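So the chains spell out like this:
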Amino acid sequence: MTIEVNGDEKEVADGTTAAALLAVLGLPERGVAIAVDGVLHHRGTWDAPLPDGARIDILTAVQGG
């Protein structure tokens, strides 16, 4: 299936979850927020399959000073 991740199209396996997507992208599960089609995707739902054609925004916390 095809999804859009931070503006880039990406082919992923059918049934890919948010947690699996983070693993594929090499991102940690902590310090990350995910929005699916503009709606916050709560951590408790990260094991649910993402819909085909979804627009995924992944935001990571950045520490600075």
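Before going into details, it helps to say that this report is about the structure given with it.

Basis of the calculations
- Residues numbered from 1 in each chain as written.
- Predicted model: local features only at pLDDT ≥ 70, side-chain atom pairs only at ≥ 80, totals over all residues.
- Heavy atoms only, no water.
- Helix = DSSP H or I, 4+ residues; strand = E, 2+ residues; numbered from the N terminus.
- Rg over C-alpha atoms; globule rule 2.2 N^0.38 Å.
- Buried < 20%, exposed > 50% of the residue type's maximum accessible area, 1.4 Å probe, protein only.
- Contact = heavy atoms within 4.5 Å.
- Areas by Shrake-Rupley, 256 points an atom, 1.4 Å probe, with all protein chains shown as cover.
- Lys, Arg positive; Asp, Glu negative; His and termini not counted.
- Charge placed at Lys NZ, Arg CZ, Asp CG, Glu CD.
- Arc of directions from axis to C-beta.
- Patch = residues over 30% accessible without salt bridge, like charges linked within 9 Å, V, L, I, M, F, W, Y side chains within 5 Å.
- Salt bridge = Lys/Arg side-chain N within 4 Å of Asp/Glu carboxyl O.

Some remarks on the overall build of the protein
- Across its full length, the protein carries one helix and five strands.
- Each helix and strand of the protein, placed in order from N terminus to C terminus, yields the pattern β-β-α-β-β-β.
- Relative to its length of 65 residues, the protein is compact, with a C-alpha radius of gyration of 11 Å against a globular reference of 11 Å.
- In terms of overall dimensions, the protein has a C-alpha envelope of 40 × 25 × 20 Å along the principal axes.
- Sorting the 65 residues of the protein into buried and exposed places 31% on the buried side.
- Relative to all contacts within the protein whose residues are 6 or more apart in sequence, the contacts with residues 24 or more apart total 50%.
- Working note: accessible area of the protein is about 4200 Å², and carbon and sulfur atoms make up 52% of it.
- Here the protein holds 4 positive side-chain charges and 10 negative ones, and the gap between their average locations is 11 Å.

Remarks on unusual backbone geometry
- Unusually for a residue other than glycine, Asn-6 sits at a positive phi of about 50°.
- Its relative accessible area of 45% is what places Asn-6 among the partly exposed residues.

Brief notes about helix 1 (residues 18–25)
- Those residues of helix 1 not exposed but buried are Ala-18, Ala-19, Leu-21 and Leu-22. Along the axis of helix 1, the buried residues cluster in a sector spanning 160°; they form a single face. Residues of helix 1 that are exposed and point over 90 degrees away from its buried face: Ala-23 and Val-24.
- In this fold, the buried residues of helix 1 make contact with strand 1 (2–5), strand 3 (32–36) and strand 5 (55–60).

Things to note about a negative patch on the surface
- On the surface, Glu-4, Asp-8, Glu-9, Glu-11, Asp-14 and Asp-52 cluster together into a patch of negative charge.
- Top contributing element to the negative patch by residue count: strand 2 (residues 8–11), with three residues.
- Given the relative accessible area of 53%, Asp-8 is considered exposed.

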